[in-house]
Amino acid sequence: MRRVTREMTAATPIIVVVDDSQAVRVFFERIATNVGVDLRTYASAAEAMSFLSERRPDLLFLDIIMPEKDGLTFLQELRRMPLHESTPTIMISSKDYAQDRGTAKQLGVVEYLPKPMTGRAIQDAIVRYAVSPAAAT
Amino acid sequence: MSRPYIRFWGVRGSYAAPHATHLGVGGNTSCVEIRAGDHLLVCDGGTGIIPLGEALMHSPLREMMVVFTHYHWDHICGLPFFPPAFSPAWKIRFFGPGETAADIEQRLSNQMKAPYFPVEIETWMASIEYVSPGSGTLQHGPMTIRFHNVHHPGVTYGYRVNVAGKSIVYMSDNEVAYLKTSIERRADEFDDDEHHILASIEREERLSEIAAVKGADILIHDAQYTPCDYERKRGWGHSCYVDTVNFAIDAGVKSLYLYHHDPTYDDAKVDEIHRDCERLILERGATLECVVAREGMVVEI
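So, how was this worked out
- Residues numbered from 1 in each chain as written.
- Chains lettered and ligands numbered in written order.
- Predicted model: local features only at pLDDT ≥ 70, side-chain atom pairs only at ≥ 80, totals over all residues.
- Helix = DSSP H or I, 4+ residues; strand = E, 2+ residues; numbered from the N terminus.
- Rg over C-alpha atoms; globule rule 2.2 N^0.38 Å.
- Buried ≥ 20, exposed ≤ 12 C-beta atoms within 10 Å, placed from the backbone.
- Contact = placed C-beta atoms within 7 Å.
- Core = buried A, V, L, I, M, F, W, Y, C linked by C-beta atoms within 7 Å.
- Nonpolar A, V, L, I, M, F, W, Y, C, P; charged D, E, K, R; others polar.
- Pairing = 2+ DSSP bridges.
- Axes fitted to C-alpha atoms, helices over the stretch in contact; angles between N-to-C directions.
- Expected span 1.5 Å × (residues − 1).
- Arc of directions from axis to C-beta.
- Parallel < 35°, antiparallel > 145°, perpendicular 65-115°, else oblique.
- Left-handed = near helix turned anticlockwise from the far one by under 90°.

Counting secondary structure elements, chain A contains 5 helices and 6 strands. If you list the helices and strands of chain A from N to C, you get β-β-α-β-α-β-α-β-α-β-α. Rg of the C-alpha trace for chain A: 14 Å, near the compact-globule value of 14 Å for 137 residues, within the 12% margin. Principal axes of the C-alpha set define a box for chain A whose edges measure 40 × 30 × 30 Å. Put simply, chain A has 137 residues, and 45% of those count as buried. In chain A, the share of contacts with a sequence separation of at least 24, taken over all contacts with a separation of at least 6, comes to 64%.

Bringing the overall build of chain B into the picture now. Each helix and strand counted, chain B has 8 helices and 14 strands in total. With respect to the three principal axes, the spread of C-alpha positions in chain B is 65 × 40 × 35 Å. In chain B, which comprises 301 residues, the share counted as buried stands at 48%. In chain B, the proportion of contacts linking residues at least 24 apart, taken out of those at least 6 apart, comes to 68%.

Ranked by size, the top nonpolar core spans 122 residues in total, and within it L219, I220 and L258 of chain B carry the most contacts. Setting aside residues up to four positions removed in sequence, L219 of chain B forms contacts with V169, V213, A248, V253, L256 and Y257 of chain B.

Taken residue by residue, the interface counts 25 residues in chain B and 26 residues in chain A. For the side of chain B that touches chain A, the element with the most residues is helix α5 (residues 192-213) of chain B, which contributes 8 residues. Counted by class, the side of chain B that touches chain A contains 9 nonpolar, 10 polar and 6 charged residues.

Residues and elements named next belong to chain B. Here we have 7 strands laid out as an open sheet, ordered β7-β8-β9-β10-β11-β12-β13, and mixed in their pairing. Edge positions in the sheet fall to β7 (137-140) and β13 (289-292), since each has one partner strand and no second. The mean inter-strand angle of the sheet, taken between neighbouring strand axes irrespective of direction, is 20°. As judged from the 4 bridges shared by β7 and strand β8 (residues 143-149), these two strands associate in the antiparallel manner. When the sheet's bridge partners are listed, Q139 is paired in β8 with T144. Sheet contacts for helix α7 (residues 241-250): β11 (218-222), β12 (255-259) and β13; angle to β11, the most-contacted strand, approximately 155°.

Residues and elements named next belong to chain B. Sheet architecture is open: 7 strands sit in the order β6-β5-β4-β3-β2-β1-β14, paired in mixed fashion. On the outer flanks of this sheet lie β6 (127-130) and β14 (298-300), each paired with one strand and no other. On average, each strand axis in the sheet is tilted by 20° relative to the strand beside it, whichever way the strands run. Here strand β1 (residues 5-10) pairs with strand β2 (residues 31-36) via 5 bridges, running antiparallel. When the bridges of β2 are listed, I6 appears paired with I34.

Residue and element names in this part refer to chain B. For strand β9 (residues 157-163), the tally of buried residues reaches 6 of 7 residues, placing the bulk of the element in the interior. Bridge analysis of β9 against strand β10 (residues 166-171) gives 5 bridges, and the strand direction is antiparallel. Its bridge partner lying in β10, Y159 is registered against Y170. Between the end of β9 and the start of β10, which pair antiparallel, lie 2 residues, with A164 showing a positive phi angle near 50°.

The end-to-end C-alpha distance of α5 of chain B, which contains 22 residues, comes to 32 Å, matching closely the 32 Å that a straight helix rising 1.5 Å per residue would cover. Taken residue by residue, α5 of chain B has L198, I201, E202, E205, E209, A212 and V213 of chain B as its buried positions. Down the axis of α5 of chain B, the buried set is contained in an arc of 115°. They therefore lie on one face. Relative to its buried face, α5 of chain B has exposed residues pointing more than 90 degrees away, namely D192, D193, H196, A199, L207 and A211 of chain B. For α5 of chain B, the elements touching its buried residues are α1 (22-35) of chain A together with β8, β9, β10, α4 (178-185) and β11 of chain B. One or two positions beyond α5 of chain B, positive phi appears at G215 of chain B, with a value near 70°.

Once that is clear, we can look at the environment of A114 of chain B. Summarising the element assignment, A114 of chain B is placed in the loop between α3 (101-109) and β6. Between the C-alpha atom of A114 of chain B and that of L288 of chain B, which follows or precedes it by 174 residues, the distance is 47 Å.

The next thing to look at is helix α1 (residues 49-56) of chain B. Residues and elements named next belong to chain B. Restricting attention to buried positions, one finds in α1 the residues I49, I50, L52, G53 and L56. Buried residues of α1 fall within an arc of 160° about the axis and therefore sit on the same side. Against the buried residues of α1 lie β1, β2 and β3 (39-43).

The next thing to look at is the pairing of strand β5 (residues 89-93) of chain A. Residues and elements named next belong to chain A. Counting buried positions along β5 yields 5 of 5 residues, so the element is predominantly enclosed. Judged by which residues are buried, β5 turns out to be covered on both faces: T89, M91 and S93 on one side and I90 and I92 on the other are all buried. When strand β4 (residues 59-63) meets β5, the two strands line up parallel, connected through 4 bridges. Considered in β5, the bridge of L60 is made with T89. Note that β5 and strand β6 (residues 111-114) share 4 bridges and pair parallel. When the sheet's bridge partners are listed, I92 is paired in β6 with L113.

Turning to the packing of α1 of chain A against helix α5 (residues 119-131) of chain A, a few remarks are in order. Residue and element names in this part refer to chain A. Here α1 crosses α5 at 50°, and the two axes come no closer than 10 Å. When the axes of α1 and α5 are compared, the pair comes out oblique. As α1 runs across α5, the sense of the crossing is right-handed. Facing α1, whose interface residues are F28, I31, N34 and V35, α5 presents G119, I122, Q123, I126, V127 and V131. Within the contact of α1 with α5, the residues separate by chemical class into 7 nonpolar, 3 polar and no charged.

Note that every value here comes from positions in space, so none of it alone points to a role or purpose.
Printed below as a string of structure tokens:
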């Protein structure tokens, strides 16, 4: 796990990113330093469970194709946990297929961002759903 | 005991193509048998599993494992007509994408519910086991089976089977190099810094794709479209044969079997694709063997 924060307070939004791509995780870290969030990145679902089994982030980004458990199956598992039945989640994937979008929607994701993503799209999503969530309602 | 072998029972993608002009390649949809002595592994249950099932009823075998890449119709629609499932003499283990064994059962059984089929899976008399997903590795007799996620609509697996010191990879449905073309098509949206990061992301995704098939002795892979058709059908979850050949060369594969042939392509068109694959391999100076997977073809492992 890698953690990136600016000056953190109890109100600092927690963002979790689960993606096996190190470059994607570094991309999020660069953006996090601009936005002022507590970012925690993980390379797999199993690794992320060390945090997610106990804590609910303000926003969760999930890749789909990963070496072990895929992101959609992982989200299905998380949704059965009372802690995560409504955790705001955004899928990030190179898979830009209607079937995956449909499954993600059924699992209650707030957005589906196909890769490649611009830094602006990531930053806007963090602001909309974690930094100023009232604006998203 | 005979040497392990692979037999292709169905090689078509999307839907069956039982036309006279297509039968040199074959009309049945995805189904591949991998046999090692008394151990039988079946990859996918498209219409090709029906003649396989009929042949098995005359064999001394009574156990098998069937693994599914995913649950699109062309990969499961032979199961309701699979004789061993209806025979109490058989023991069958099913595995495919799903969080639990119950998920796998539900996905396979839904196609046999009314009004889509006259009888439900309760009429299966075989001893059926749905295998729970574990650590990513399954064992079936002497075969070690690893599965990984591939690029196709819905959660879809590729399988790597190690047996008799050889490695066989079955990836029936996979749209290879999709991220690369997505970046190329949307290049104007990114600044220089982002392009630098995206190059790293694309490189990592390519390495990850390659890792799953690296050094395989036999790769059975989606090669559904010509470059012209792929232009129109990009994003349908299947590969252009040019990308498949380059993928196999980059991964150091020994033999590539072109698979999941488009149902609109007749024998002549598939042969034309094969000739162009040979040209591409020659151009790259590679040693890859490239073969058209044909129904009934047997490959000794």
